[in-house]
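Structural description and commentary
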Amino acid sequence: MALLGVSNLTKAFGTDLLFEGVSFEVQANDKIGVVGVNGSGKTTLFKMITGEMRPDDGELYQSKQAVVGYMEQHVCKNLEETALDEVLTVFTPLMKMEEEIELLNVRLQKGMGSAEELIERQALLNDRFVREGGMTYRSRARSALLGLGFSGEDMALTVGALSGGQKAKLQLAKMLLSGANLLLLDEPTNHLDISSVEWLEDYLKSFNGAFLVISHDRYFLDRITSRTFEMENHRLTVYKGGYTAYLTQKEEAELTARRVYENTMREITRLEGVVAQQRQWNREKNIKTAESKLKVIERLERDLEKPQAAPESIRFQFEIKQPGGNDVLEVEELSLSFGKAPLFERVNLKLRRGERVFLLGPNGCGKTSLFKTILNQYQPDSGRIKLGAGIDLGYYDQIQAGLDTDKTVMDEIWDQYPRMTQTQVRSALAVFLFKGDDVFKPVRALSGGEKAKVLLLKLMLSKANFLLLDEPTNHLDIASREALESALQGYEGTLFVISHDRYLINKIADRVYYLEPGGAEEYQGNYDAFLEKRRQEEEPEKGVKPVPKQNDYKLRKQKESELRKLKTRVRRAEEEIDGLDRETAELAGRLSDPETASDYEKALELTQRMEELRARQEKLMESWEALCQELEEKEAR
């Protein structure tokens, strides 16, 4: 069943054409990735689907069964609400139903109004409340927030006290819980750490509906999508499979198109030669042959499609002034805290010349603070940091604080590198697609992606031999990410990178450090190797039975016993919740029976029992969530 149909959509802003002839269908379980350079019209297309914008031409058909959820629709309006209460606003109809059920119960107990009418209304509401998920909506809200990285303390914070990233996660949680069966996700992984992205991936893979997702996260797209829509050169092209499959198909299609074009051009050239020769001979037969060949040429030229040029993208290299020493960075027993709360302790790192090392860890664990400590912007509580001989350090700041927003793009570069000529500065900016009057734009008017390119240009011109990069692919479209990857792969210096871009980590990393409060653990290889090693640590192979020391053996047995008890408690809680669900449904059914509804005392008894079950279930759900969280933490240790 098609939830959405789009036919020949066209949109332009003034004389600038954004796209034309866009047509596709979205089936009930489609998982679609939408890719294209910034400015190709991806977000505009989403806004047309929601009705926020109108196309200049074409039509959209939405099924009556389609319920569209768009992240921007779920903004956080009340800054005084707690994070949990803000998410619960998605369930406002259920909460109002719950309030009415409670009010009806009070009126029944106090004998206010017609008992028969009250009982009938209550039975109707109870049945609908259970059917629409009223028994579990609070636990679903908490589970979504837990999955997106909120702790119990975070859920109790007001929306106004949350970071920008946390507010974005709230919007995402509200959309995922909205009951929509067609999700429009515009860069949903922005501001998420890797564990939250993985939770979102698992959620979307099991989502019983369709979604379209705009994303520059190629690893994410590969894991969750089965079709890819590419917006390029004012057109939308549909490909089967995720991002990697799309790349292969696109390359093959472009190669075929080039071959067809080149072969056709060769045939036209050959035929033009035949025409010229026949005209030279100038006999009646020759003239007829020439006219026949000219018609063939006209047909070939009419049907000929010149392969579209790829959108212009950046291409650059990082060079170094000097190689520097073999030992680039050594960090020993480093600890840092803000106030009384320790951020991390006993961190040990060692980087050698030419290595590509990545620093991973959940949001808030101190990765950026560690970089700023290495840069001497923060003073550690204890420990030692040693940079090697001849090390020139370059830093990419993810919040882009290194830019003066009052300057023009050209002055931002020229003021830092005054020995360059104006021509050299403009040539360097042109590499990053700042051409013509673009170089005189104020920095404050640039997009996040454009600011990122200015910072990358400054890094490139520094010729530093040791680069500290904090989320360098944030704000970059896929083409720019690939250009950055190419530059980093060809870089002869040393890299230390904070990133949630798993595609980048897989392509570049030699080693990974995972930062936790108690230190940084080292893993050899790229992201997939790191992930496999972590899984092995969390789930030891059953066949491997090392001989432990007596104390280790006792500790392991104690841990296994604790885990077994926790799992048993979780299972029992789940069984009891299921039992309460069944009993509540049975009582709701009995209340709907006309005989019961006419028996005031019996109906009141059933209603009170349902209220008791509902309260019991709410407490059980809270207990179950706490047990699940405790179990996850113990299994991870």
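For the structure given in this document, a descriptive report is provided here. (Residues numbered from 1 in each chain as written. Predicted model: local features only at pLDDT ≥ 70, side-chain atom pairs only at ≥ 80, totals over all residues. Heavy atoms only, no water.)

1. Describing the sheet that holds strand S17 (residues 511–516)
Rule in force here: DSSP calls a pair of strands paired once it identifies at least 2 bridges connecting them. Helix and strand assignments come from DSSP, with helices taken as H or I runs of at least 4 residues and strands as E runs of at least 2, each series counted from the N terminus. The axes used here are C-alpha line fits, helices contributing only the stretch in contact, and every angle between their N-to-C directions lies in the interval 0 to 180 degrees. Working rule for contacts: check all heavy atoms of both residues, and any pair within 4.5 Å makes them a contact.
If you walk across this open sheet you meet the six strands as S14-S15-S16-S12-S17-S18, and the pairing is mixed. The sheet is open, and its two edges are formed by strand S14 (393–396) and strand S18 (519–524), each paired on a single side. Strand-to-strand twist across the sheet, computed as the mean angle between neighbouring axes with direction ignored, equals 20 degrees. One ladder, built from four bridges, connects strand S12 (residues 356–360) with strand S16 (residues 494–498); its direction is parallel. Note on S16: the bridge partner recorded for Arg-356 is Leu-495. Strands S12, S14, strand S15 (466–470), S16 and S17 of the sheet are contacted by helix H12 (residues 367–374), whose axis makes an angle of about 145 degrees with S16. Its contacts with the sheet put helix H18 (residues 527–538) on S12, S17 and S18, and the angle it makes with S18 is roughly 115 degrees.

2. Concerning a negative patch on the surface
How we decide: Within the patch definition used here, like charges are joined within 9 Å and nonpolar side chains (Val, Leu, Ile, Met, Phe, Trp, Tyr) within 5 Å, considering only residues with over 30% relative accessible area and no salt bridge. Only the protein chains shown count as cover for residues, with accessible areas throughout obtained via the Shrake-Rupley method and a probe of 1.4 Å. Any Lys or Arg side-chain nitrogen found within 4 Å of a carboxyl oxygen on Asp or Glu counts as a salt bridge. A residue counts as positive if it is Lys or Arg and as negative if it is Asp or Glu; His and the chain ends are not included. To locate a charge, the coordinates of NZ of Lys, CZ of Arg, CG of Asp or CD of Glu are taken. A simple rule labels every residue: compare its accessible area, found with a 1.4 Å probe on the protein chains alone, to the largest value its type can have, and call it buried under 20%, exposed over 50%, or partly exposed in between.
On the surface, Glu-516, Glu-521, Glu-537, Glu-538 and Glu-539 cluster together to form a negatively charged patch. With respect to the element layout, Glu-537 can be found in helix H18. With relative accessibility at 38%, the residue Glu-537 sits in the partly exposed group.

3. Side note on helix H11 (residues 284–303)
As a reminder of what qualifies: To estimate the expected span of a helix, count its residues, drop one, and scale the result by 1.5 Å. What the arc measures is the spread of directions leading from the helix axis to the C-beta atoms.
For H11, which comprises 20 residues, the first-to-last C-alpha distance of 29 Å matches the rise-based estimate of 28 Å (1.5 Å per residue) to within 8%. Those residues of H11 that sit buried are Asn-286, Ala-290, Ile-297 and Leu-300. Mapping the buried residues of H11 onto a view down its axis gives an arc of 80 degrees, with all of them on the same face. What points out from H11, more than 90 degrees from its buried face, is the exposed set Glu-284, Lys-285, Lys-288, Lys-295, Glu-298, Arg-302 and Asp-303. Where H11 is buried, its residues meet helix H10 (243–281).

4. Examining the side chain of Glu-98
Position of Glu-98 relative to the elements: it lies in helix H3 (residues 92–109). Not counting residues within four places of it along the chain, the set of residues in contact with Glu-98 comprises Phe-129, Tyr-137, Arg-138 and Arg-614.

5. What to know about the pairing of strand S2 (residues 16–27)
Summarising the sheet, strand S1 (residues 2–13) and S2 pair through eight bridges and their orientation is antiparallel. Within the sheet, the bridge partner assigned to Ala-12 lies in S2 and is Leu-17.

6. What about helix H8 (residues 194–205)?
The first and last C-alpha atoms of H8 sit 16 Å apart over twelve residues, in line with the 16 Å expected at 1.5 Å per residue. All buried positions along H8 are accounted for by Ile-194, Ser-196, Val-197, Leu-200, Glu-201 and Leu-204. On an axial view of H8, the arc spanned by its buried residues comes to 160 degrees, and they lie on one face.

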